[in-house]
Amino acid sequence: MPIGWIDLLRAEAVALLACAGGFVVLDTLRRRAAAAPADGGSVFLFDEDRLIDCSPSARLLLAALDAEPVEARRRLQEHLTQHLPDLADRLAQLDREGRVQLTSPSGLTVEASLHGGITRIALDSDAPGQDALTQAAQSAEIARLRRIVQHAQTPLWEEGPAGEVTWANPAYVRAAGTSAPQWPLPHLFPQDGPVNLPIGWMHAVRQAQVGTAWPLDRAVLAEAQLREFRQTLARTFADLPIGLAIFDRQRLLQIFNPALMDLTGLPPDMLSSRPSLFSVLDALRERSLIPEPKDYRHWRKQMIDLEEAATHGRFEETWNLPGGQTWRVVGRPHPDGAMALLFEDISGEMTRTRRYRADLELGQSVIDAMGEGVAVFSPSGTLVISNAAYARMWDDDPGTTLAELGIGALCARWRAATAPSALWAEVEHFTVTLGPRTGGEGTLHLLDGRRMDCRYTALPGGATLVGFRLREAAQKVVRYG
């Protein structure tokens, strides 16, 4: 047989022996747990914090403590600490000492030992008869439950086979309107019929002939406040000129205002039936109230993008409708995944904008047709508009730059292209002066010898016009600079 196989069989044999030894240790511990003292002592076996076995009397103690196996060690230790305050510290030393033993003044002895990773805790009480420790745990549990029931603010009661009240806590007695129990107690929560209580509307639940009731005053008040809040929102939304549609996380319409019906023409019964977002958009498309794309598939994808963009709070578009209207559509996310769409008719605003833009273009065309170079400045001295003749005269078109040009910068350019003159100081001072002003004029000499007439005058609103005109008969006699 190859050497490798021999080594493998030896390793398996060693492992089997180790497992068998572990089983022997565990079985021995289980027998020691079963062999509990006859005087009512209890034995527990724990694998770390998990209970793996215990004696019959120990099982009674855990039942009194209402302890599940996963929390049995913690509950047992908490209960024993009431008798032995140093127990937790001593149990923490088991890894080093292997065995600890403590005795309380009342005669309770706790012995704990650690063998092969299994912790054994044995309790031995000197009290005769029933295990005094179990009895104490049961008494403590009963007292705790009694305190809870007595101080509970919700009515608790028990019913007999015929439905009569056989027991009730103080809260039930107070709900009945008496300071002390008067038997038979009235049945405040009959199986059939309305609940009639002076303390308010209450809800009752029965299970295994035990009843529990609690007041719903706060719930009713919250519902009333919510209803009032919704009515307030509805009245507020009713006065908005903007169409509003609020969809929940399932994209079903929950709230809409009259402006939405007036704007879209959608019938109230259709909107009141809580349609989905795409049902609303389909209805708008049927009425030609959505920009018509080239194909329906592209439109459907566009509406999905609308939903995603509105969910993230970044959707805002201007819809130019086939009927000539213009809408501004804004999507806003709401808590819990809800979404609001706002529809605003901006046709009048767009008409005014287009008219204003057309007026500007017309005005620019008019001054571009003038032979005089014109530059208009705002009251703060910023260049507002200039014409084509100005660009030709000064070889500079301010319309090609986005930067704001002031009277100071432009006067510097003009000085550099002309012979020294005090006129530029007058123009600069006149442009930034507020209040009533009187314009002026003067003649300038360009560096190439031509002469130029310059005038400056006030315009309505504090603006200033500066005009330039070259003299056609100018002779290049003298060159400056």
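Use the structure listed above.
So, here is what we can say about the structure in this document. (Residues numbered from 1 in each chain as written. Predicted model: local features only at pLDDT ≥ 70, side-chain atom pairs only at ≥ 80, totals over all residues. Heavy atoms only, no water.)

## A word on the packing of helix H2 (residues 56-65) against helix H3 (residues 72-81)
Inference 1: Interhelical geometry of H2 versus H3 gives an angle of 85° and a closest axis separation of 10 Å. The angle between H2 and H3 places the two elements in the roughly perpendicular class. Between H2 and H3, the residues in contact are Leu61, Leu62 and Leu65 and Ala72, Arg75, Leu76 and His79, respectively.
Inference 2: Its residues assigned to classes, the contact of H2 with H3 shows five nonpolar, one polar and one charged. (Axes fitted to C-alpha atoms, helices over the stretch in contact; angles between N-to-C directions. Helix = DSSP H or I, 4+ residues; strand = E, 2+ residues; numbered from the N terminus. Parallel < 35°, antiparallel > 145°, perpendicular 65-115°, else oblique. Contact = heavy atoms within 4.5 Å. Nonpolar A, V, L, I, M, F, W, Y, C, P; charged D, E, K, R; others polar.)

## Observations regarding the sheet that holds strand S11 (residues 253-256)
Inference 1: Read from one edge to the other, the open sheet built from five strands follows the order S11-S10-S14-S13-S12, with strand pairing classed as antiparallel. For this open sheet the edge positions go to S11 and strand S12 (315-320), each flanked by a neighbour on one side alone. Mean inter-strand twist for the sheet, computed between neighbouring axes without regard to direction, equals 20°.
Inference 2: Where strand S10 (residues 243-247) lies against strand S14 (residues 339-345), five bridges are found, and the strand directions are antiparallel. Bridging across to S14, Ile246 finds its partner in Ala340.
Inference 3: Sheet strands in contact with helix H13 (residues 347-368) are S12, strand S13 (326-333) and S14, and its direction is about 120° off that of S13. (Pairing = 2+ DSSP bridges.)

## Considering empty space enclosed by the protein
Inference 1: Tallied over the full model, the rule gives one cavity of 30 Å³ or more.
Inference 2: The volume enclosed by the largest cavity comes to roughly 30 Å³.
Inference 3: Lining the largest cavity we find Arg73, Leu76, Gln77, Leu80, Leu91 and Ile121.
Inference 4: The element contributing the most residues to the lining of the largest cavity is H3, with four residues.
Inference 5: Residue composition of the lining of the largest cavity, by class: four nonpolar, one polar and one charged. (1 Å grid on protein atoms, 1.4 Å probe; cavity = no way out; pocket = protein on both sides within 12 Å on 5 of 7 lines; lining within 4 Å. Points joined across faces, edges and corners; volume = space filled by probe spheres on them.)

## A look at the pattern of salt bridges
Inference 1: Tallied over the full model, the rule gives 12 salt bridges.
Inference 2: Measuring nitrogen to oxygen at the nearest pair gives 2.7 Å for the salt bridge that ties Glu71 to Arg74.
Inference 3: Take Arg74: its relative accessible area is 42%, and that puts it in the partly exposed class.
Inference 4: With its nearest N and O atoms 3.8 Å apart, the salt bridge here joins Arg90 to Glu97. (Salt bridge = Lys/Arg side-chain N within 4 Å of Asp/Glu carboxyl O. Buried < 20%, exposed > 50% of the residue type's maximum accessible area, 1.4 Å probe, protein only.)

## Considerations on the layout of surface pockets
It is a probe the size of a water molecule, rolled over the atoms, that shows where empty space is left.
Inference 1: In this structure, the largest pocket encloses a volume near 400 Å³.
Inference 2: Lining the largest pocket are 17 residues; nearest its centre among them are Arg230, Leu233, Phe237, Gln254 and Ile255.
Inference 3: Contributing elements (two or more residues each) for the lining of the largest pocket: helix H8 (217-238) and S11.
Inference 4: With seven residues, H8 is the largest single contributor of residues to the lining of the largest pocket.
Inference 5: A class-by-class count of the residues in the lining of the largest pocket yields 12 nonpolar, three polar and two charged.

## A closer look at the sheet that holds strand S15 (residues 373-377)
Inference 1: Strand order in the open sheet made by the five strands is S16-S15-S19-S18-S17, with antiparallel pairing throughout. Looking at which strands have only one partner, the edges of the open sheet turn out to be strand S16 (383-386) and strand S17 (440-445). Here the strands of the sheet are splayed against their neighbours by 20° on average, with no regard to which way each runs.
Inference 2: Where S15 lies against strand S19 (residues 464-470), five bridges are found, and the strand directions are antiparallel. Looking across to S19, one finds that Gly373 is bridged to Phe468.
Inference 3: Relative to S15, helix H15 (residues 407-416) is tilted by about 150°, and along the sheet it contacts S15, S16 and S19.
Inference 4: Sheet strands in contact with helix H16 (residues 423-431) are S15, S17, strand S18 (451-458) and S19, and its direction is about 20° off that of S18.

## Description of the nonpolar core
Inference 1: Counting 26 residues, the largest nonpolar core has Phe247, Leu284, Trp319, Trp327, Leu341 and Phe343 as its most contacted members.
Inference 2: When residues of this core are traced back to their parent elements, those giving at least two are S10, helix H9 (258-264), helix H10 (268-272), helix H11 (277-286), helix H12 (296-311), S12, S13 and S14.
Inference 3: The element contributing the most residues to this core is H11, with five residues.
Inference 4: Ignoring sequence-local partners within four residues, the contact set of Phe343 consists of Ile242, Gly243, Leu260, Leu263, Leu284, Trp319, Trp327, Arg328 and Val329.
Inference 5: In terms of nonpolar packing, the next biggest core, distinct from the first, is built from 23 residues, Leu61, Ala72, Leu84 and Leu87 among them. (Core = buried A, V, L, I, M, F, W, Y, C linked by side-chain atoms within 4.5 Å.)

## Structural notes on the packing of aromatic side chains
To describe a pair of aromatic rings, one takes the distance between the centres and the angle between the planes.
Inference 1: This model, assessed by the stated rule, comprises 12 aromatic pairs.
Inference 2: Judged by centre distance (5.0 Å) and plane angle (65°), the rings of Trp414 and Phe468 are edge-to-face. Of this pair, Trp414 sits in helix H15 while Phe468 sits in strand S19, and the two are 54 residues apart along the sequence.
Inference 3: Phe468 sits in the buried class, given a relative accessible area of 0%.
Inference 4: Ring geometry for Trp424 versus Phe468: centroids 6.3 Å apart, planes at 45°, classification tilted. One end of the pair, Trp424, is in helix H16; the other, Phe468, is in strand S19, with 44 residues separating them in the sequence.
Inference 5: With relative accessibility at 1%, the residue Trp424 sits in the buried group.
Inference 6: Ring-pair connections join several aromatic residues into one group, and the members of that group are Tyr390, Trp394, Trp414, Trp424 and Phe468.
Inference 7: Here Arg73 stacks its cationic end above the ring of Phe46, 5.8 Å away from the centre of that ring.
Inference 8: A cation over a ring is seen here: Arg437 above Phe430, with NZ or CZ 4.5 Å from the ring centre. (Phe/Tyr/Trp six-rings, centres within 6.5 Å; stacked < 30°, edge-to-face > 60°. Lys NZ or Arg CZ within 6 Å of the ring centre and 35° of its normal.)

## Points about unusual backbone geometry
Negative phi values dominate among residues other than glycine, just as trans dominates among peptide bonds.
Inference 1: In the Ramachandran plot, Ser288 falls in the positive-phi region, its phi being about 60° despite a non-glycine side chain.
Inference 2: Along the polypeptide, Ser288 turns up in the loop between H11 and H12.
Inference 3: One non-glycine residue, Asp395, lies in the positive phi region at around 50°.
Inference 4: Among the structural elements, Asp395 can be located in the loop between helix H14 (388-394) and H15.
Inference 5: Judged by relative accessible area, Asp395 falls into the exposed class, the value being 73%.

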